[in-house]
Amino acid sequence: MKGKLVGMNGDRAVAYAAKQAKVDVISAYPITPQTIIVETLAEYVNNGELDAAFIPVESEHTALSAAVGASLAGARVFTATSSQGLALMYEILWIAAGLRAPIVMAIGNRALSPNINIHCSHDDAYAARDTGWLQFFAENVQEAYDLTLMAFRVAEDERVLLPTIVNLDGFILTHALEGLYVLEDAEVDAFLPKRKPINPIDPKNPKTYGPLDFTDWYMEHKRLQFEVYQKVGGVVREVFDEYEKLTGRHYQPVKTFNVEGADKAIVILGSSAGTARFAARKLAEKGMKLGVVSLTQYRPFPVAELRKVLESFDVVAVLDRSVSFGSPGNQLFMDVSTALYSSKKRPILVNVVYGLGGRDFTPLHVERIYAALEEVQRKGEAPEESLWVGLREG
Amino acid sequence: MELKTIKTLKEIPREEQFAPGHRLCAGCGIPQVVRLALKAVPDPKVVVNATGCLEVATTIFPYTSWGVPWVHIAFENAAAVASGIEAAFKILSKKYGVEKPKIIVFGGDGGTFDIGFQALSGALERGHDMIYICYDNEAYMNTGIQRSGATPKGASTTTSPAGKVVPGKLERKKNLIEIAIAHGIRYAATMNPAFPVDMYNKIVKAANTPGPTVLHYFTPCPTGWYFDPSRSIEVARLAVQTRIWPLYEYDNGKIRITVPVKEPRPVEDYFKLQGRFRHLLEPENKWLLEEIKRDIEENWQKLMRMAEQSK
Ligand SMILES: Cc1ncc(C[n+]2csc(CCOP(=O)(O)OP(=O)(O)O)c2C)c(N)n1
Ligand code: SF4
């Protein structure tokens, strides 16, 4: 494993990556469990370790508004948020993507109120899923660091120019101290040179940013924006490959474990993938094969890769750490169902809700899911409702 | 470089950076302030614009009226966006020698007094170098004449209609300049299109002042106020002559009335011209008219006192 081994929690690892990326502007507003990120960056700036403008704004709405302005001005821009903070940014999420502002934002994933809860759900990440932001999910602190560096490369690539979110599970990753390998500053400089903005604000070459579109142009502009996302997957792969050459760490949009010869699998996001793999290993000792499929790239949704992996299973559990109220399924479940709909061979899908608001997710839960999948496989039909694991009993 | 104030209209630069052919209504007061601001503030400069009449009427794709970089992001966040642009240019100029432009922000009264208030307050508190110009047509005009925190007492709007029981808006207008000054900024002033030299000079002073400045511009709106577009400047001048819209400035601790009004004209002259106030002249609303007159007098006396104290 290339790099220097250090101990950091996820928040500090993200801040360290942003520092090594030599961001020009950070606009920030505190919210648990992301706060340590912006505090650490403020320390770097005020100690002279990072030559950047730190804008201590008065709200998340302003944090993102200022980030968009700074990004259009040509700066490399970073911000971070969680939960309610992301909800307050919502309007500007769309604008950042539509104006092609390659901001990188870390989200310390956290449940949305009510009731107020500072622990992990994926409500916030999902709430941003239609806004046009690219999204990655980190599984551990190492990935939080690596993906932050790679996010700048992808976001600022002239074929992409899109704002990008790096998700890390609140507390589970934001606050957990882990060993990770960090690159030398010079290596990061080579991987991530100074941003070369396309069409930045320039008084010598005045342009109008964000004009009014009537019915005659709006649809054409949305089509142009839509086409960009078709190219993102290729760029992500290039960046992942180049990063692997630099670090030896292998990244894929869809990560698989134990899928060969298995007829059951679970699809999962974030830190719980590790728990699922651990449980899958235990199950394997008892002769029960469970494949684990986790997504590093969530937006754009890696449809083709996922299809290829999932087509071979009989039953697949899709795990959501959130609830989409009144919907035909929860968020990741709907994504996966849609991706598989036109496949020739489709597994039966079971939606599982787990871990809301930081509720523990343990190997025992994975075993229960496995049992449920066996039952579905036997009956040959999917349950109507999602299965909730980890709910308190009585 | 210190910019120069002027004495006559002739000294205003001829060069235009705001093209004709925009779709603002005939008689609208907004283009006056835009043209003068782009003339008074030298290049390089960047304009940030909140959602509203000015934005929608000047940038209908594929056309633009702006000869300078112009950015629109949302309704309530012009000051926030300007904060980011300003901070970015400051650091880019330090790190890479990029030239730092002056930043001019235009927001309507809705985008300033109401929904954008927090973003403005934050930007003023953080001290970003920007000239914030609120063009105040005293209602949300872009969405069809709804009341705002800047709508004056007595005015009829679509969300404060003059009805049988409630004769229009009953609340006073917020005092933007006092609020701005309370942030500890160094320059703030009111402006009016009937007094272009006064306006030009205030923009120049704002541009000469480091940090944030706030300019509050009175803009007649024939469409929302219901008057003949050809009388726009007359309406604007009457607002000053009746003492409804005092022209003054706050300059590093000192308040100065820049257009003294010794003999005020009756407020009825101003109200008579505009549909939004016509009901105030009916006998049953006499109480409200009296209340408005008292408010105007009170405001004026207060301003005189402050001007006197800062001498
Ligand atoms: C968050 C949000 N709420 C509401 C609107 C709808 N809206 C657009 S412009 C506007 C009023 C603008 O009023 P003002 O700032 O006074 O400017 P004017 O239209 O008078 O130029 C409103 C309510 C919006 N664009 N965004
Ligand atoms: S509605 Fe009023 S403020 Fe808007 S463009 Fe027309 S005159 Fe100007």
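What you see is a predicted model; the values in this text were computed from it and never measured.

(A) Layout of the overall build of chain B. Assigned secondary structure in chain B consists of 11 helices and eight strands. Here the C-alpha coordinates of chain B stretch approximately 65 × 50 × 40 Å along the principal axes. Within chain B, the proportion of its 311 residues that are buried is 60%. For chain B, the share of sequence-separated contacts (at least 6 apart) that also reach a separation of at least 24 residues comes to 69%. Carbon and sulfur atoms make up 55% of the accessible area of chain B, which totals about 12,700 Å². Of the side chains in chain B, 40 bear a positive and 33 a negative charge, and the two mean positions are spaced by 3 Å.

(B) Up close: the confidence of the model for chain B. Mean pLDDT for chain B: 98, with 100% of residues reaching 70 or above. The ipTM for the predicted assembly is 0.97, set against a pTM of 0.97.

(C) Just the side chain of A:Thr79, in detail. All names here are of chain A. The topology assignment puts Thr-79 in strand β4 (residues 77–81). Relative accessible area serves as the criterion here: at 0%, Thr-79 is assigned to the buried category. Not counting chain neighbours up to four residues away, the residues in contact with Thr-79 comprise Ser-27, Ala-28, Ala-63, Leu-64, Met-89, Ile-103, Val-104, Met-105 and Ala-106.

(D) Structural context of the sheet that holds strand β2 (residues 25–28) of chain A. Residues and elements named next belong to chain A. Across the sheet, seven strands lie side by side as β3-β2-β4-β5-β7-β6-β13; this open sheet has mixed pairing. On the outer flanks of this sheet lie β3 (53–56) and β13 (297–299), each paired with one strand and no other. Taking each pair of neighbouring strands and ignoring which way they run, the sheet shows an average axis angle of 20°. When strand β5 (residues 104–109) meets strand β7 (residues 164–169), the two strands line up parallel, connected through six bridges. Residue pairing across strands places Gly-108 opposite Leu-168, the latter belonging to β7.

(E) Looking closely at the site of ligand 2. For ligand 2, the full set of nearby residues is B:Leu24, B:Cys25, B:Cys28, B:Ile30, B:Cys53, B:Asn137, B:Met141, B:Cys221, B:Pro222 and B:Thr223. Residues of the shell around ligand 2, tallied by class, amount to eight nonpolar, two polar and no charged.

(F) Up close: the site of ligand 1. Every one of the 18 residues lining ligand 1 counts as a neighbour, but B:Gly110, B:Gly111, B:Tyr135, B:Asn137 and B:Asn142 are closest to it. Chains contributing residues near ligand 1 are chains A and B. Contact between ligand 1 and B:Asp109: an oxygen atom at 3.0 Å from a side-chain N or O atom of the residue. Here an oxygen atom of ligand 1 and a backbone polar atom of B:Met141 are 3.1 Å apart. The fraction of the free accessible surface of ligand 1 (580 Å²) that becomes covered by protein chains is 77%. Among the elements that make up the shell around ligand 1, the one with the highest residue count is helix α4 (residues 109–114) of chain B (three residues). A per-class count over the shell around ligand 1 returns seven nonpolar, eight polar and three charged.

(G) Layout of the sheet that holds strand β6 (residues 213–218) of chain B. Strand order in the open sheet formed by nine strands is β9(A)-β2(B)-β1(B)-β3(B)-β4(B)-β6(B)-β5(B)-β7(B)-β8(B), with mixed pairing between adjacent strands. Each of the sheet's edge strands pairs with one partner strand only, and the pair in question is β9 (208–209) of chain A together with β8 (254–257) of chain B. By the bridge criterion, five bridges tie strand β3 (residues 102–108) of chain B to strand β4 (residues 131–136) of chain B in an arrangement that is parallel. Note that in β4(B) the partner of B:Val105 across the bridge is B:Tyr132. In this fold helix α1 (residues 30–40) of chain B packs onto β1 (45–49), β3, β4, β5 (187–191) and β6 of chain B, with an angle of close to 175° to the strand it touches most, β3(B).

(H) Here's a closer look at the interface of chain A and chain B. Across the contact, 43 residues belong to chain A and 41 residues belong to chain B. Note on chain A versus chain B: buried area summed over both sides is about 3,100 Å², and carbon and sulfur give 66% of it. When residues of chain A are sorted by the area they lose upon contact with chain B, A:Asp51, A:Pro203 and A:Leu212 head the list and together hold 17% of the total. Where chain A meets chain B, there are four salt bridges. Put simply, B:Lys94 and A:Asp51 hold a salt bridge, and the shortest N to O gap is 2.5 Å. Taken together, the links from chain A to chain B amount to 14 residue pairs in polar contact (both at pLDDT 80 or more). Elements with a minimum of two residues in the side of chain A that touches chain B: β3, α3 (60–72), α4 (83–98) and β9 of chain A. Of the residues forming the side of chain A that touches chain B, the biggest block, eight residues, is contributed by α3(A). Bridge analysis of β9(A) against strand β2 (residues 70–72) of chain B gives two bridges, and the strand direction is parallel. When the bridges of β2(B) are listed, A:Tyr209 appears paired with B:Val71.

(I) Representation of the domain arrangement of chain A. All names here are of chain A. By the assigned domains, chain A splits into domain 1 (4–247) and domain 2 (254–388). The straight-line distance from the C-alpha centre of domain 1 to that of domain 2 is 28 Å. Contacts between the two partners involve 28 residues from domain 1, matched on the other side by 29 residues from domain 2. Note on domain 1 versus domain 2: buried area summed over both sides is about 2,100 Å², and carbon and sulfur give 52% of it. Remark: the boundary between domain 1 and domain 2 carries four salt bridges. Of all the secondary-structure elements, those providing two or more residues to the side of domain 1 that touches domain 2 are α5 (123–127), β6 (134–137), α6 (141–156) and α8 (218–247). Per element, the largest residue contribution to the side of domain 1 that touches domain 2 is six residues, and it comes from α8.

(J) Quick peek at the packing of aromatic side chains. What the rule picks out here adds up to 22 aromatic pairs over all chains. With centroids separated by 5.9 Å and ring planes inclined at 50°, the aromatic side chains of B:Tyr270 and B:Phe271 adopt a geometry described as tilted. The class of B:Tyr270 is buried, set by a relative accessible area of 1%. Members of the aromatic cluster, each reached through a chain of ring pairs, are A:Phe136, A:Phe191, A:Phe240, A:Tyr243 and A:Tyr251. The cationic tip of A:Lys194 hangs over the ring face of B:Tyr96; the distance from NZ or CZ to the ring centre is 4.3 Å.

(K) View of α6(A). Residues and elements named next belong to chain A. In this model α6 runs 23 Å from its N-terminal to its C-terminal C-alpha over 16 residues, within 8% of the 22 Å that 1.5 Å per residue would give. Extensive coverage of α6 is indicated by the burial of 15 of its 16 residues. The opening residue of α6 is Asn-140, an N-cap whose side-chain oxygen sits 3.3 Å from the backbone nitrogen of Gln-142.

(L) Broad picture of the environment of B:Val33. Residues and elements named next belong to chain B. By the element assignment, Val-33 lies in helix α1. As for Val-33 and Ile-203, which are separated by 170 residues in sequence, their C-alpha atoms are 9.3 Å apart. The residues contacting Val-33, other than those within four sequence positions of it, are Phe-106, Ile-133, Met-191, Met-199 and Tyr-217.

(M) Structural context of α1(B). The element α1(B) is largely enclosed, with a buried count of nine among its 11 residues. Inspection of α1(B) places B:Ile30, B:Pro31, B:Val33, B:Val34, B:Leu36, B:Ala37, B:Leu38, B:Lys39 and B:Ala40 among the buried residues, and these make up the whole buried set.

(N) Structural detail: the nonpolar core. A:Phe78 and A:Tyr145 are the most contacted members of the largest nonpolar core, which has 157 residues in total. The element best represented in this core is helix α3 (residues 78–96) of chain B, accounting for 11 residues. Not counting the four nearest positions on each side in its chain, A:Phe78 is found in contact with A:Val14, A:Ala18, A:Val23, A:Val25, A:Ile26, A:Ser27, A:Ile37, A:Leu41, A:Val104, A:Ala106, A:Thr148 and A:Phe152. Among the nonpolar cores identified, the runner-up in size contains 37 residues, and B:Ile6, B:Ile30, B:Ala40 and B:Tyr217 belong to it.

Conventions adopted
Residues numbered from 1 in each chain as written. Chains lettered and ligands numbered in written order. Predicted model: local features only at pLDDT ≥ 70, side-chain atom pairs only at ≥ 80, totals over all residues. Heavy atoms only, no water. Helix = DSSP H or I, 4+ residues; strand = E, 2+ residues; numbered from the N terminus. Buried < 20%, exposed > 50% of the residue type's maximum accessible area, 1.4 Å probe, protein only. Contact = heavy atoms within 4.5 Å. Areas by Shrake-Rupley, 256 points an atom, 1.4 Å probe, with all protein chains shown as cover. Lys, Arg positive; Asp, Glu negative; His and termini not counted. Charge placed at Lys NZ, Arg CZ, Asp CG, Glu CD. pLDDT = per-residue confidence, 0-100. Pairing = 2+ DSSP bridges. Axes fitted to C-alpha atoms, helices over the stretch in contact; angles between N-to-C directions. Near = heavy atom within 4 Å. Nonpolar A, V, L, I, M, F, W, Y, C, P; charged D, E, K, R; others polar. Polar contact = N/O pair within 3.5 Å; in protein donor to acceptor, adjacent residues only side chain to side chain. Buried area = accessible area lost by both parts, 1.4 Å probe. Salt bridge = Lys/Arg side-chain N within 4 Å of Asp/Glu carboxyl O. Domains from an automatic or database assignment. Phe/Tyr/Trp six-rings, centres within 6.5 Å; stacked < 30°, edge-to-face > 60°. Lys NZ or Arg CZ within 6 Å of the ring centre and 35° of its normal. Expected span 1.5 Å × (residues − 1). Core = buried A, V, L, I, M, F, W, Y, C linked by side-chain atoms within 4.5 Å.

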